[in-house]
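Here is how the chains run, residue by residue.
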Amino acid sequence: MSAGIEVIEVIEVVRAGALTTVQDEGRFGHAHLGVGRAGALDAPSARLANRLAGNPVGAALLETTATGCAVRPSRAVRVVVGGAPCRVTVDGRPVAWGAAVHVPAGAVLDAGPAAYGLRGYLAFAGGLEPEPVLGSRSADLLSGLGPPPLSDGDVLPLGPPPQTGAPPAAAVPWPGVPAELVLPVLFGPRHTWFTPAALHTLTTAAYRVSPQSNRIGLRTEGPALARARQGELPSEGMVLGAIQVPPDGRPVVFLNDHPTTGGYPVVGVVPEPALAAAARVTPGTAVRFVLTRR
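Keep in mind that what you see is a predicted model, and the values were worked out from it rather than measured.

Caption draft 1: Highlighting the pairing of strand S12 (residues 180–187). Looking at chain direction, S12 and strand S20 (residues 286–291) are connected through six bridges and run parallel. Its bridge partner being in S20, glutamate 180 is matched across the sheet by alanine 286. Where S12 lies against strand S19 (residues 266–269), two bridges are found, and the strand directions are antiparallel. Looking at the pairing, phenylalanine 187 lines up with glycine 268 of S19.

Structure below.
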């Protein structure tokens, strides 16, 4: 090879899985342009995976959904598979989940289906470096910004290996997957659009995670919330964690790929720190909304 020609190292997607996307910490400050945040839904798990790989916490990595994925790096690389626990192999040989492992050039790392929980993270030393859009490499499924969801045969550029030494190899605790999702709720801004009985129902009834949930919102199954007012609002701004109530009356908790505006009333808001757990639970998980004042 001629001197001076830059070699771009990549990972090749061998098995894309049900839904695998590139994510980082998201794009901020563009809601007034109609551009949402995106970014890793389970931010604590994504940050921990990056730390164990020796990366800055905001480096781009892969977020998998339920079925995992398999990749082949063109250079030897340190990889951490975290988030939802799963079986991990390198060329068919079992390796550690939740810790840094060495993957030789050309070997296939396979993160299998989640044993429990929903979303997993694959962090590569040096991070992934697809072209950033508005300062982020995150895929936004609603707007279509960022890299599209991965397909078999896709390739993604790898960043240069970190200059620091290998990160600690000791085992670390990973965030757990709750058997029941308990979400604190602050009422407003449109809770007066619902009857007092509906507000009581929201904070006392049993709901379940709907299979229709996705990165845009966690949809619920359970009792409908009755309106005190009919009609619809003019579109207004929507925030992360907003609990919007569509015409069927079942609450939807907006997650990272949510729309920046909407016309259905928002009965309350789930504070952002509680939303990571919503990224981990599978359809059918029990959900309780608990009124809080902070």
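Further notes follow.
Caption draft 2: Structural view of helix H2 (residues 196–204). Among the residues of H2, Ala198, Leu199 and Leu202 are the ones counted as buried. Taken around the axis of H2, the buried residues stretch over an arc of 100 degrees, which confines them to a single face. Along H2, the residues that are exposed and aim more than 90 degrees away from the buried face are Pro196, Ala197 and His200. The secondary structure elements touched by the buried residues of H2 are S12, strand S13 (207–209), S19 and S20.

Caption draft 3: Region of the structure containing helix H1 (residues 43–53). Along H1, the positions that sit buried rather than exposed are Ser45, Ala46, Leu48, Ala49, Asn50, Leu52 and Ala53. Of the residues trailing H1, glycine 54 is marked for its positive phi of about 85 degrees.

Caption draft 4: Layout of the pattern of salt bridges. Scanning the entire structure with this criterion turns up 12 salt bridges. Of the charged contacts, one joins glutamate 221 and arginine 208 as a salt bridge, the two residues approaching to 3.5 Å between their closest N and O atoms. Placement of the pair is glutamate 221 in strand S14 (residues 217–221) and arginine 208 in strand S13, with a sequence separation of 13 residues.

Caption draft 5: Seen up close, the pairing of strand S1 (residues 10–15). Both S1 and strand S11 (residues 155–157) contribute to a ladder of three bridges, which runs antiparallel. Bridged to valine 10 within S11 is proline 157. Pairing between S1 and strand S4 (residues 69–73): four bridges, direction antiparallel. Looking at S4, one finds that glutamate 12 is bridged to arginine 72.

Caption draft 6: A look at the sheet that holds S1. Pairing is antiparallel across the open sheet formed by six strands, whose spatial order is S7-S6-S9-S4-S1-S11. Every other strand in the sheet has two partners, leaving strand S7 (93–95) and S11 as the edge strands with one partner each. The mean inter-strand angle of the sheet, taken between neighbouring strand axes irrespective of direction, is 30 degrees.

Caption draft 7: Examining the nonpolar core more closely. Within the largest apolar cluster, 41 residues are counted, with the highest numbers of intra-cluster contacts made by Leu181, Phe194, Leu218, Val253 and Phe289. For this core, the secondary structure elements donating two or more residues are H1, strand S10 (119–124), S12, H2, S13, helix H3 (275–280) and S20. For this core, the element with the highest residue contribution is H1, accounting for five residues. With residues up to four places along the chain from it excluded, the contact list for phenylalanine 194 reads Leu199, Leu225, Ala226, Arg227, Ala228, Val245, Pro265 and Val267. Core analysis: the next-biggest nonpolar cluster, separate from the first, contains 27 residues, Val13, Ala60, Val77 and Ala125 among them.

Caption draft 8: Structural view of unusual backbone geometry. For the bond running from glycine 188 to proline 189, omega is 0 degrees, close enough to zero to count as cis. Following the sequence through the fold, proline 189 ends up in the loop between S12 and H2. Phi at alanine 38 is positive, roughly 60 degrees, even though this residue is not glycine. Tracing the chain through its elements places alanine 38 in the loop between strand S2 (21–23) and H1.

Caption draft 9: The arrangement of the side chain of aspartate 42 in detail. As for its position among the elements, aspartate 42 is in the loop between S2 and H1. For aspartate 42, a relative accessible area of 1% gives the class buried. Here arginine 280 takes part through its side chain, which lies 2.8 Å from a polar atom of the side chain of aspartate 42. Setting aside residues up to four positions removed in sequence, aspartate 42 forms contacts with Glu63, Tyr121, Ala276, Ala279 and Arg280.

What counts as what
- Residues numbered from 1 in each chain as written.
- Predicted model: local features only at pLDDT ≥ 70, side-chain atom pairs only at ≥ 80, totals over all residues.
- Heavy atoms only, no water.
- Pairing = 2+ DSSP bridges.
- Helix = DSSP H or I, 4+ residues; strand = E, 2+ residues; numbered from the N terminus.
- Buried < 20%, exposed > 50% of the residue type's maximum accessible area, 1.4 Å probe, protein only.
- Arc of directions from axis to C-beta.
- Contact = heavy atoms within 4.5 Å.
- Salt bridge = Lys/Arg side-chain N within 4 Å of Asp/Glu carboxyl O.
- Axes fitted to C-alpha atoms, helices over the stretch in contact; angles between N-to-C directions.
- Core = buried A, V, L, I, M, F, W, Y, C linked by side-chain atoms within 4.5 Å.
- Polar contact = N/O pair within 3.5 Å; in protein donor to acceptor, adjacent residues only side chain to side chain.

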